[in-house]
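The primary structure of each chain is shown beneath.
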Amino acid sequence: MNHDLGSIESLIDTHFDQNLLLRLPFGVLFNFISELATIQFIENGHLDISFLNPLTFVFERNLDLTPLSPKDCRQRFGEVEALHPALLDLMMCANLNIVFPFIHNGIYTCQRFDAYTWLVDYASDRARRVELVDSVLSNLSTPIIPRFTVPGTREHLVAVIRRLDRRDVQNVIKGAQYIQRIYETMHHNYREADLVPDAAFIELGFSSAAAFRQIRQAFGAICYAYMQTAMAVNDYCEQHKLSYEIKYGLAEGLSMAVVAKQTIKETVSCLTGASDSDFDKFGEFFFESGEKRSTISKRSLPPFWSLGDDLYFCPCMAFMSMSVRNLLMTVQNHPPFAEKYKFHGPISDLFEPTLLRRAKHHFEANGYEVVLEKKIPGTEIDMLVYCAKSNTLLTIQAKATLYPEGARMVRNLDRRIGEGIQQLRKFDRLDQSVKVRIINECFPGVGDRQPRQINGILTNAGFGSCKSWDAMELEQIIAINCNILRHVLPLCADLTELVEQTEKYIERCLALVDHEVKDKRFEIGDQTILQKNLDFDIKQLYLQNLMGE
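Model, not experiment: these values are computed from the prediction.

Calculation criteria
- Residues numbered from 1 in each chain as written.
- Predicted model: local features only at pLDDT ≥ 70, side-chain atom pairs only at ≥ 80, totals over all residues.
- Heavy atoms only, no water.
- Axes fitted to C-alpha atoms, helices over the stretch in contact; angles between N-to-C directions.
- Helix = DSSP H or I, 4+ residues; strand = E, 2+ residues; numbered from the N terminus.
- Parallel < 35°, antiparallel > 145°, perpendicular 65-115°, else oblique.
- Contact = heavy atoms within 4.5 Å.
- Nonpolar A, V, L, I, M, F, W, Y, C, P; charged D, E, K, R; others polar.
- Pairing = 2+ DSSP bridges.
- Core = buried A, V, L, I, M, F, W, Y, C linked by side-chain atoms within 4.5 Å.
- Buried < 20%, exposed > 50% of the residue type's maximum accessible area, 1.4 Å probe, protein only.
- Salt bridge = Lys/Arg side-chain N within 4 Å of Asp/Glu carboxyl O.

Contact geometry of helix 7 (residues 125-140) with helix 24 (residues 498-512) gives a least axis separation of 10 Å together with a crossing angle of 95°. Taken together, the axes of helix 7 and helix 24 lie roughly perpendicular to each other. Contact with helix 7, carried on its side by R129, L132, V133, V136, L137 and L140, involves Y505, I506, E507, C509 and L510 of helix 24 and no other residues of that element. Tallied by class, residues from the contact of helix 7 with helix 24 come to nine nonpolar, no polar and two charged.

Given below as structure tokens:
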């Protein structure tokens, strides 16, 4: 059959829709994927975000949400041998749902070899390099919980082993003292950028920002207790060389936890003292009962699924999915929420002032003078930074979109950065007398001296595709985010060194990231799609404490 690109996409959609797994109850599929996620976490010490992204296309489908126990879920999956290759097909189609928008936006190319074979590759070597740099900068700015030691872990492990010796199933949620210790230890350990001010949480219906953070911390402690228990059970089974059947029985309910909502609520209340209304508000955004699932691929994978009287969750996936960024993505991209909370106005208007405040803190902490939101003829400059020591002026435009994920968000960021470049050009093209007047209004001590000028674009994380990076390079505009400022400014003797030190920092980070281009092979009907895929591991960035702001 002769296929064009459009018919290939239709073939993928049909192949996806006909997958056997999508005919199973939600719990059967979720349990198996939770097992795979937990194995990855145990083997690598972290869960790769690229594992989660394709799952948004899977779980927004109209799956049967009938409640089932972990034991029933595993048994039903094991009864159908054909389901194992079906999972590979499902993930292939989900991955291609992410890839094709990048093809349409010119970030990837798709070339046909013959009637049956297609090659998906980066549009250029430059595009591959930019994807690596931008992905690393984005990952450096994502929320992180640094490694920490929980008091009483030894006692917890002794209790876990005692139950294993008796061949008892672990009941993690009952370990109130251990969960309490985790909760107390996690306090102030969640390193996350303030994407919005605390007032935004009140706009969303929480009694305070602190209430949201405490509830999230409690859920994080519960997930962490499950994750540590799963690792202990795995170590025990490996040491005792137990069979797979016995190992699975002992690990039941650790990969996919099923806990009564009332029990979870009581645990969270005990840890935090949170009101029922704050708990319910958290659940509105982070619990999925099926009502919001049609928009999952436009936001993020829900941490918790509310089925009947129980919450279903994979601890290592949920642990990563409760960021403020994901909360804001849910409000922004689920139309009923966007309308209810007036996202495009009272909330989104807070993004750039909050980003500017964070960046201002970094510059002032390193001895520089800062002025925000200075009106000039025809536009406004978001931030001006002056270094008296070197008589250097840094002009910055901020573009505070949420961390881009998917071609649509990347293109939106490209557009916003293009706007920022145009605004900086307006300042550069001002008559010198006008420019001197504006600079002296901001920094009276400059006088008649003409400062050396540097231009910068400030974002929350990355900077988009080649379109943005090439434009910034052409205009000699420096890429800045708060992670870069945190690590680079202390190394600068003065502001003239900012460009060089930023380039060195990015190269240092790239050198710490293991990366290679791998070939992915997708078999869809009679068609084969070969994709060049950039695979990278950021573990060393985490271990060297480079992540976060």
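Judged from the five bridges that link them, strand 1 (residues 108-112) and strand 2 (residues 117-122) form a sheet pairing that is antiparallel. Residue Y108 lies in a different strand from strand 2, and its bridge partner there is Y122. Linking strand 1 to strand 2, which pair antiparallel, is a turn of four residues.

Here we come to the sheet that holds strand 12 (residues 514-524). Strand order across the open sheet formed by four strands is 1-2-13-12, with mixed pairing between neighbours. The strands lining the two open edges of the sheet, one partner per strand, are strand 1 and strand 12. Here the strands of the sheet are splayed against their neighbours by 25° on average, with no regard to which way each runs. Lying over the sheet, helix 6 (residues 83-104) contacts strand 1, strand 2, strand 12 and strand 13 (527-537), oriented at roughly 110° with respect to strand 12.

One way to put it is that helix 2 (residues 26-44) packs onto helix 6 with a least axis distance of 12 Å and a crossing angle of 80°. The angle between the axes of helix 2 and helix 6 places the two elements in the roughly perpendicular class. On helix 6, the residues that touch L29, F32, I33 and L36 of helix 2 are H84, L87 and L90. Here the residues of the contact of helix 2 with helix 6 are counted per class, giving six nonpolar, one polar and no charged.

Okay, the nonpolar core next. Ranked by internal contacts, the top residues of the largest apolar core, which has 183 residues, are F59, F219, M317 and F363. In this structure M317 touches F30, I33, S34, A37, L47, F51, L52, L55 and L301, once residues within four positions along its chain are discounted. Counting twelve residues, the second-largest nonpolar core is a separate cluster that includes L430, I439, C442 and V446.

We now examine unusual backbone geometry. With phi around 50°, K342 is a residue other than glycine that occupies positive phi space. Along the chain, K342 turns up in the loop between helix 17 (335-340) and helix 18 (343-347). Taking relative accessible area as the criterion, K342 reaches 54% and is therefore assigned exposed. One non-glycine residue, N391, lies in the positive phi region at around 50°. Along the chain, the position of N391 falls in the loop between strand 8 (379-387) and strand 9 (392-399). By relative accessible area, N391 is classed as buried at 12%.

So, on to the sheet that holds strand 5 (residues 304-307). Ordered in space as 3-6-5-4, the four strands form an open sheet in which the pairing is mixed. Each of the sheet's edge strands pairs with one partner strand only, and the pair in question is strand 3 (257-260) and strand 4 (287-288). One ladder, built from four bridges, connects strand 3 with strand 6 (residues 310-313); its direction is antiparallel. Of the residues in strand 6, the one forming a bridge with A257 is F313. Sitting on the sheet, helix 13 (residues 261-272) touches strand 3, strand 5 and strand 6, and the angle it makes with strand 3 is about 80°.

Let us now look at the pattern of salt bridges. Taken as a whole and assessed by the stated rule, the structure comprises 32 salt bridges. Residue K518 pairs with E516 through a salt bridge whose shortest N-O separation is 4.0 Å. Taken together, the salt bridges that share partners define one network made up of E352, R415, R416 and E419.

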